[in-house]
Amino acid sequence: QVQLVESGGGLVQTGGSLRLSCAASGRIFCRDDMAWYRQAPGKQRELVAMFTGTGLTNYADSVRGRFSISRDNTKNTMYLQMNSLKPEDTAVYYCWRYTVIGVVAWGQGTQVTVSS
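Asker: Explain the nonpolar core to me, and be specific about the residues and the numbers.
Answerer: Formed by 29 residues in total, the largest nonpolar core has its most connected members in Trp 36, Val 48, Phe 67, Ile 69, Leu 80, Met 82 and Tyr 93. Looking at this core, the elements with two or more residues in it are strand E1 (2-7), strand E3 (18-26), strand E4 (33-39), strand E5 (46-51), strand E7 (67-72), strand E8 (77-82), strand E9 (91-98) and strand E11 (110-115). Per element, the largest residue contribution to this core is four residues, and it comes from E3. Leave out the neighbours within four places in its chain, and Val 48 touches Trp 36, Tyr 37, Arg 38, Asn 58, Tyr 59, Ala 60, Val 63, Phe 67, Leu 80 and Tyr 93.

Below is the structure:
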């Protein structure tokens, strides 16, 4: 079993920054795929950024150049650095992990609110 716990969300003004963290525990592996998703009210959950087990990263067009995903396998933690935040970035942000043995896990979510 895999447990994911997000932290770092909050209220920030337009143009501000936040860093989200996702701490993992359980049966995890350093080559797991990991990602951040978000879901705004009334909208579908969407992929924000992904960090594959082979070291590749991918970003949604809406955040490319503003957000940066990273991971520290020594701490079993993934991060999402969010800069130049916009009101349309307001959403609940979820951590996701797909382990090399095929287990999928989601975190409980952390709220990010960007005021105009």
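Asker: I'd love a proper account of the environment of Val 5, names of residues and values included.
Answerer: Looking at where Val 5 falls in the secondary structure, it is placed in strand E1. Given the relative accessible area of 48%, Val 5 is considered partly exposed. The spacing of Val 5 and Gly 65 is 60 residues in sequence and 26 Å in space, taken between C-alpha atoms.

Asker: Tell me about the packing of aromatic side chains, residues and numbers included.
Answerer: Summed over the entire model, instances satisfying the criterion amount to four aromatic pairs. Ring centres of Tyr 37 and Trp 96 lie 6.2 Å apart, and the angle between their planes is 65°; this geometry places the pair in the edge-to-face category. Of this pair, Tyr 37 sits in strand E4 while Trp 96 sits in strand E9, and the two are 59 residues apart along the sequence. Comparing Tyr 37 with Trp 96, the two get one shared label, buried. Among the aromatic residues, those joined into a cluster by ring pairs are Tyr 37, Tyr 94, Trp 96, Tyr 98 and Trp 106. For the cation-ring pair, Arg 45 lies above Tyr 94, with the distance from its terminal atom to the ring centre recorded as 3.7 Å. The ring of Trp 106 has Arg 45 lying over it, and the distance from NZ or CZ to the ring centre is 4.7 Å.

Asker: Quick rundown of the state of the cysteines? Include the residues and the values.
Answerer: Summed over the entire model, instances satisfying the criterion amount to one disulfide. Paired through a disulfide, Cys 22 and Cys 95 show a sulfur-sulfur distance of 1.9 Å. Here Cys 22 and Cys 95 share a disulfide; its torsion about the S-S bond, -75°, makes the bridge left-handed. Of the two residues, Cys 22 is situated in strand E3 and Cys 95 in strand E9; the sequence distance between them amounts to 73 residues. Given a relative accessible area of 0%, Cys 95 falls into the buried group. Not engaged in a disulfide, the cysteine Cys 30 finds its nearest cysteine sulfur in Cys 22; these two sulfurs lie 16 Å apart.

Asker: Can you explain the side chain of Ser 21? Please cite residues and give values.
Answerer: Looking at the element boundaries, Ser 21 is found in strand E3. Setting aside residues no more than four positions away along its own chain, Ser 21 makes contact with Val 5, Glu 6, Ser 7, Trp 36, Thr 77, Met 78 and Tyr 79.

Asker: So, the pattern of salt bridges: which residues are in play, and what are the values?
Answerer: It is possible for side chains bearing opposite charge to pair when their charged atoms get close. Summed over the entire model, instances satisfying the criterion amount to five salt bridges. For Arg 97, the salt bridge goes to Asp 32, with nearest N and O atoms at 2.8 Å. Linking Arg 97 in strand E9 with Asp 32 in the loop between E3 and E4, this pair joins segments that are 65 residues apart in sequence. Grouping residues by exposure puts Arg 97 and Asp 32 together as buried. A salt bridge links Arg 38 to Glu 46; the nearest nitrogen and oxygen atoms lie 2.7 Å apart. By relative accessible area, which is 34% here, Glu 46 ends up partly exposed. One salt-bridge network, held together by shared partners, links Arg 38, Glu 46, Arg 66 and Asp 89.

Criteria and thresholds
- Residues numbered from 1 in each chain as written.
- Predicted model: local features only at pLDDT ≥ 70, side-chain atom pairs only at ≥ 80, totals over all residues.
- Heavy atoms only, no water.
- Core = buried A, V, L, I, M, F, W, Y, C linked by side-chain atoms within 4.5 Å.
- Buried < 20%, exposed > 50% of the residue type's maximum accessible area, 1.4 Å probe, protein only.
- Helix = DSSP H or I, 4+ residues; strand = E, 2+ residues; numbered from the N terminus.
- Contact = heavy atoms within 4.5 Å.
- Phe/Tyr/Trp six-rings, centres within 6.5 Å; stacked < 30°, edge-to-face > 60°.
- Lys NZ or Arg CZ within 6 Å of the ring centre and 35° of its normal.
- Disulfide = S-S within 2.5 Å.
- Salt bridge = Lys/Arg side-chain N within 4 Å of Asp/Glu carboxyl O.

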